[in-house]
Amino acid sequence: MRLLCADDEEDIRVILELALSLDPEIDATIVSSGTELLDLAVNQPWDGFVLDGMMPGIDGYETCRRLKSDPRTSAVPVVFVSAKTRQEEIAHALSLGARALLPKPFDPMTLAAELRAALGV
Amino acid sequence: MKLPKHIVLPTAEAQHTADLARETEHRRIAEAALRRSEAEYRSVVEVLNEGIAVIQADGTISSANQSAAQLVRARPEDVIGRRILDIRWHASRPDGSRLPHADHPALVTLRTGMPMNGFVLGLHNVDGSICWLSVNTHPLRHADDESPYAVVASFTDVTERLAREREMQRAYDALDELTSEFIGVVSHELRTPITALRGALGFLESGVFATLPPKGKELIAIARANADRLTRIINNILDLERLKSGRVTLSPEPTDLHELLDRIMHGHEKAAEKKRVHIVLTVDVPAPIVVDADRLAQVVDNLLANAVKFSPADATVELHAQANADGMVVFEVIDHGIGIAPAMLERLFKSFSQADASNTRLPGGAGLGLAIARSIVEQMGGKIGVESEQHVRTRFWFTIPVAPPPTSQPAR
């Protein structure tokens, strides 16, 4: 299963990569911005997108909106992994078409399973 | 007895004339006093900063002082004798909507006979300015009449006061928003490094990527537990801020209290067993109650965790829930730990207040749990409190209604 993830924090990208590597079925590509994710999103087939909320440039919310409004990517499930976890922030993410918002900090040992459940893949 | 010759008694006619003269003189003096008193009162009314007007039952303004005329940007002679409805003004309510003439407080008092106090209306003057007035009205009645023949209206210019209040409200709102934004940003900025920290420690503790010697494992476990603790503190700060600002909406639903409390109790059994503390649960609530179960669990969890934490070894912690006759459920969490000094009891439910900052009375807490508990209970329409006899017994209690109040949102 191919997941495309974006997070602007390098340390978080390392943790994400290790956490997802614990699940042998997951093949994750991790990029550092919404722009990079949007470029890659249309070039290859993906089973899920994983977005950070706050990112410089095109943030996670705008990235999600563009993914959902592009017919080439709109059917691919999106999940946020974000430190912004207020009710209104969760509601905002869901209103943009995301399946769920997993809060940071996360348990690295269970993240892969939680992501799979949230993405439904 | 015979009167001396030089004393002549007045005739009845002369007596009557004298009485009449005396009566006339008394009346003259009384009338003069009345006129003086009336003139004095008139002067008092004239010098008042408050506008005073008398409006007759047919709506005619029969008198108005200088201030009253000034408030409507007119001279008294332009106002007196006119009907209140003839004057070309219109008034607004504080929310900006138009106030119908019939709802003018003077006319309401004339119609209902009831006085009105502090009715605020905005008067749109002919020069385009709006003058905000606080109006009091009082009905005038003849002795036996039920309906008033006139109404006295007094009005004070509150334009400046209202402007100040509105400015303050705007400042409060801005501060509120700023605080909320600040807390949001700070929490986000704190959570990001904790995510990396928590992630790295989680991997090390699990041993999936590297095996550590036992002492190393122990140290990593401590670090991981503290990263979790930091996360909880950040979450609590956020939660408290949201509860206090009224951004939390409760989701009440029918809840089986026995099942809920049993589940909560089991969650604390591990910590209790470590200290050989025994938790006793009694529930005497006949039917399911309508409550936000997650938020209720948050309150009970907090109280129970504290009770277990501060219990000496081999002690008992009691958790009771009982419906009372007032339609409330009373929850109690009782422990037999060191207790709380009387001076500290009042501060206990305030944010960041530890009962004793100098020792470890509340280890592992930033003093937010009880403040959160209070916010939740109050939003549910209940009360929370504590009684403590040091080293003997500490009883935390709270009440919540069996059915939630019609609006679960707190007043801001």
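On a predicted model such as this, the values are computed, not experimentally measured, just so you know.

## Re the overall build of chain A
Now for step 1: Regarding its fold elements, chain A presents five helices and five strands.
Now for step 2: In chain A, the order of α-helices and β-strands from amino to carboxyl end is β-α-β-α-β-α-β-α-β-α.
Now for step 3: Within chain A, contacts between residues at least 6 apart in sequence are counted, and of these 60% link residues at least 24 apart.
Now for step 4: Accessible area for chain A stands at about 5200 Å²; split by element, carbon and sulfur atoms hold 51% of it.

## Let's talk about the sheet that holds strand S2 (residues 27-31) of chain A
All names here are of chain A.
Now for step 1: The parallel open sheet is built from five strands, whose spatial order is S2-S1-S3-S4-S5. Here the strands that pair on one side only, and so sit at the sheet edges, are S2 and strand S5 (100-103). Neighbour to neighbour, the strand axes of the sheet diverge by 20° on average, direction disregarded.
Now for step 2: Pairing of strand S1 (residues 2-6) with strand S3 (residues 48-51), which is carried by four bridges, proceeds in the parallel orientation. Across the sheet, alanine 6 pairs through a bridge with leucine 51, a residue of S3.

## A look at the sheet that holds strand S3 (residues 90-92) of chain B
Residues and elements named next belong to chain B.
Now for step 1: Taking strand neighbours across the sheet as the criterion, the seven strands line up as S2-S1-S7-S6-S5-S3-S4 in an open arrangement whose pairing is antiparallel. Pairing within the sheet leaves two strands with one partner each, and these edge strands are strand S2 (61-64) and strand S4 (98-99).
Now for step 2: Along the sheet, helix H4 (residues 105-112) makes contact with strand S1 (51-56), strand S5 (116-124), strand S6 (130-140) and strand S7 (150-157), crossing S6 at roughly 20°.

So, how was this worked out
- Residues numbered from 1 in each chain as written.
- Chains lettered and ligands numbered in written order.
- Predicted model: local features only at pLDDT ≥ 70, side-chain atom pairs only at ≥ 80, totals over all residues.
- Heavy atoms only, no water.
- Helix = DSSP H or I, 4+ residues; strand = E, 2+ residues; numbered from the N terminus.
- Contact = heavy atoms within 4.5 Å.
- Areas by Shrake-Rupley, 256 points an atom, 1.4 Å probe, with all protein chains shown as cover.
- Pairing = 2+ DSSP bridges.
- Axes fitted to C-alpha atoms, helices over the stretch in contact; angles between N-to-C directions.

Everything listed is a geometric property; what it means functionally is a separate question.
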